[in-house]
Each structure stands twice: as C-alpha cells, then as structure tokens.
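# Descriptive structure summary
Listed below, chain by chain, are the residues.
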Amino acid sequence: MKIKITCKILLIALFNVALFSCAATPKKTSDEITEDEFVFMTPEQMKEAARKQAEAELFELGWTKKSSKNVDATYGNVRLRARKSYGTFNISIVNENGKTIPALSTSNEYITSAFYLKAGKKVIKLNQNSSVKSYSRETENGMQVIYVIDGLANVVLDFSCFSSDPKNMDINSVKITAAVKNTGKKKGDFALKMVFDTVLGETDRHHFYSSDGLPVKSEKEYRNIKQDDWFVSQNANGSMMFTFAGLEATAPVLVAMANYSTFENGGWIPNMLDYRSFDTILSYNNSAVGAVWEDKKLSVDEIFSEVFYVTLSSVDEKITSNVLIKSTEKNEAKKNDKNSVEPAQKQDENDSAANSKTDNTVLDESKKEELNNQDSTEETIKEEPVKQNLSNEKYSDEYIQMLLDKIEMLKEDGSVNQSEIDVLNAELDLIFESMVK
C-alpha cells in the first residue's frame, strides 16, 4: 500500500515539474527567430529578417503621448521640422553660412506636403483629417512623425539623415521610410501616396531637371521608374534630388512632376497630361512631386514599408549624376577604359617622335605593322579588367567601400542601430557571394 501511494505522489510531482517547465518556457511565436535558425539563414533571409525587425521597432509607440513634441533639428546641411498637432513636416537646406533655404513649402504650417493612406476604398490625407491623431519626436539622426487611426491603421514616417559620401561625412541626404501597420480586426488592402510641395524650382527658369540634364517644361510621369530616373528641383541657392529606385528604395507604380493642383484635386492616381505646364488658372507657378505605391494586402498586425531618398545641396551647380546610387558607374568604367589605353598610345607616340628626332630614320612597313600589332595586344590586355567591372558594375569597389564605411560609422556611433548594421552586412554577404560565383 505504501508503495502505491509513493508512486502516486511521485507521478504527481513529475507532472507538476513538467507543467511548471512548460509554463516557464515561453512558446515560440511564428515571427521569432532562434539562434540556430539565424545561423542557417541565407543572406537574402537575413536581410529580410533584419528589415522586418527594423519595421517592428518603428511601431514601439510607448513614447507618443508623453514625449511627443514639435521638432526643429539640423543635421549637417539638412534641417527637419515637424508640428505634432498637425502631423506636418518640412525639409530645408542649411548652407555654409547657416542660412535656411526651404526645399518644401513652409506656408500654412507645412500642410501642403503630405502622405495619404488608402485603406480599402477610403483615402485619408494624414495631416488633415479629424480621425487621425498625430505625434512627432526628434531621433538620434532625424525625426519621426506618427499617425494613429484607431481601429484601422498606424502610419510611421521616419526621416533618417546621412552622408551620401562616407569619405566626406557631410550629412546631406535623408532616407524617408513610410510604414503602415494594420490595427483593424480583419485583413485589408492598404497603399501609400506622397505629395511634396517643392519650391526651389519655382524661382528658377525651370521647375525640374531630369537625369539627362534637360529641363522638365511640362508635367511628366514615370510608370516604370529605374535607378537612372532621378530628378532635381533646384535654383541658384540649392537643389533637392529625388531617388525612388536603387539602394533600399521601393519603386512606386507612379512618380510624377506636376502642378500641385493636379495632385491635390485629382484621384488616387492623378490625371497626368504631358502637354500641361506647371501653371494653371487656379494655381500659378506651383510645382510638386508625387509618388504612388502599389496596394498591399495586410493581415491583422502585419506591416509594410515604402522607402525613398532626397539629397540636398547648397552649391550652385548643375547636377550631373546621382551621388547615392552611382548611376554613372558605367560611364566611369568607360572613362577608366579610355584612360587606361590612351597613356600607352600617347607614350608610344612620344617614343616614336623621340626616335624620329634621334635617329632621323623612317620605319619600314613591316616595322610599323609589328608595332601596330603590339599596340593592339596591349589595348586588349588593358581593356579586359574594365570589361569585368562593367559586367559587375553594381558592385564596384567604391560601392563596397561605401557600405564598409557606413558600417564603421554606425558602430562608432554612441547609439548603435544594430538592425541597420545587419541589413548592410547582409548586403555585403550577397555581394561577396555573387562575386564568387
């Protein structure tokens, strides 16, 4: 009898221990990644995991009600401002004398530059809707503007300032991330649109200039934008370059330059007319840039984000290349090709001239042919490395060095953004993997 009782007590004790162990070990959610899983991830999976982690961190909104305040902060030659009560924002240039040059309209508390959220068939201008609560704060390298629409969605705008040239380290660019989280009770379709009320080109002969260096004289749209399709709003005091493709940018389905009223009074997709100028009867000399991203289907608590860049300058010069994505790498490679061949040719010409003066002799036809064959061989040898660079132009030494410098800069920063470092390391892994193949 004692043996049966003892066994029963032992079984109960073991059951309690097992139950306690299960309760003490938190259940792994579908989004969590174990250390073992991380080790065996491919570079693509690591990059995607880092991106999702960065998105999740954007929606840690415990600060909104207690720490929200107006923002007026300067980083290098970038000045960022935000009004928490309206959810409005502004971007300006700070020149070498410390003078502020607005790149976006500053009128009416900056309300003309805005993001729009489409939820199902409903369109909400986030800085001008009574159902939206807005918050803002300064961050380590920029600012954030938050929009909360109860029972529908949260939208975070993150403005992160950085240098387009790691060797220079002068901060002149802003990475703008717009993220949406479905806070409703069911799956839904969401999309984002932005309209920036630009002002620099309104005091210039032309409102915009495209990547080919030509002025944009009337409304223009890109339906399939590529990394070479950058453009600038500029005047004698400064410039604002837009980059919607390349790096981490998420290419929109439409990017357009038009009169502001075309965006403000049109539908979700504006009605563009390539012959219409930037002046209208109701809206004179008022240009703007707009972008529309594709619809995303989000489950409850799911997140998506859109990214683009602006680069500012106070130098009065014509913009000829995109410093962010090295859109002229191919031209540079060709230039290097030319430079690698021409010195040899010039040296041969100089040598020939010197020999002519010294010997006062004329090369016979066979000697000329031999020399030409030698030159041709040397040119072929010199061209070969250039051709290899052209076949892999995206991963130039300069681009890889830029990534390495950016990682070091982030590590030296007091408040390390580990998620961004992970993304950069993942991209390096992809590059090295492609170079090995």
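Summarised in this report is the structure supplied together with it. Nothing here was measured: the structure is a model prediction, and the numbers come from that model. Residue positions are given per chain, counted from 1 along the sequence in the order it is written. Only residues with pLDDT of at least 70 get local features here, since the model is predicted, and only at 80 or more are side-chain atom pairs given and counted; chain-wide, interface and lining totals rely on the full set of residues. With hydrogens and water set aside, each side-chain value is computed from the structure's full complement of heavy atoms.

## Things to note about the pairing of strand β17 (residues 254–259)
Within β17, 6 of the 6 residues are buried, which leaves it mostly tucked inside the rest of the structure. Two strands pair when backbone bridges link them, and strand β14 (residues 220–222) and β17 are joined in this way by 3 bridges, in the antiparallel orientation. What sits directly across from E221, in β17, is A256. Residue exposure (1.4 Å probe, protein chains only): buried if accessible area is under 20% of the type maximum, exposed if over 50%, otherwise partly exposed. For helices the rule is a DSSP run of H or I covering at least 4 residues; for strands it is a run of E covering at least 2, with both sets numbered from the N terminus onward. By the convention used here, strands pair only if DSSP detects at least 2 bridges between them.

## Quick word on the nonpolar core
Throughout, nonpolar core names a set of buried Ala, Val, Leu, Ile, Met, Phe, Trp, Tyr and Cys residues whose side chains join them through atoms within 4.5 Å. In terms of nonpolar packing, the biggest core is built from 56 residues, with I91, F115, F159, F196, M240 and F244 touching the most fellow members. It is strand β9 (residues 153–162) that contributes the most residues to this core, 5 residues altogether. Contacts are residue-level and defined by heavy atoms, with any inter-residue pair within 4.5 Å sufficient. Setting aside anything within four residues of it in sequence, one finds F159 in contact with L80, F89, I91, T139, N141, G142, M143, V145, V174, K175 and I176. Core analysis: the next-biggest nonpolar cluster, separate from the first, contains 13 residues, A114, L254, A258 and W268 among them.

## What to know about the sheet that holds strand β10 (residues 173–182)
On the basis of which strands lie adjacent, the open sheet formed by 9 strands has the order β7-β8-β9-β10-β20-β16-β15-β12-β13 and antiparallel pairing. The open sheet has two edge strands with one neighbour each: β7 (133–139) and β13 (215–216). Bridge analysis of strand β12 (residues 208–210) against strand β15 (residues 231–235) gives 2 bridges, and the strand direction is antiparallel. Residue pairing for β15: S210 is matched across the bridge by F231. Packed on one face of the sheet, helix α3 (residues 43–58) meets β8 (142–149), β9, β10 and β20 (303–313) and runs near 85 degrees to β20. Note on geometry: axes are C-alpha line fits, over the in-contact stretch for helices, and angles between N-to-C directions span 0 to 180 degrees.

## Some words on the side chain of T139
By the secondary structure assignment, T139 is in strand β7. Here T139 falls in the buried class, since its relative accessible area comes to 19%. Here T139 is in contact with Y75, Q144 and F159, once residues within four sequence places are set aside.

## A closer look at the pattern of salt bridges
By definition here, a salt bridge exists when the distance from a side-chain nitrogen of Lys or Arg to a carboxyl oxygen of Asp or Glu is within 4 Å. Tallying each qualifying case throughout the model produces 10 salt bridges. Residues D295 and K118 are paired through a salt bridge, measuring 3.4 Å at the closest nitrogen-oxygen approach. Remark: K118 occurs in strand β5 (residues 114–119) and D295 occurs in the loop between β18 (287–292) and β19 (296–298); sequence separation between them is 177 residues. The partly exposed category is assigned to D295, whose relative accessible area is 41%. Relative accessible area serves as the criterion here: at 16%, K118 is assigned to the buried category.

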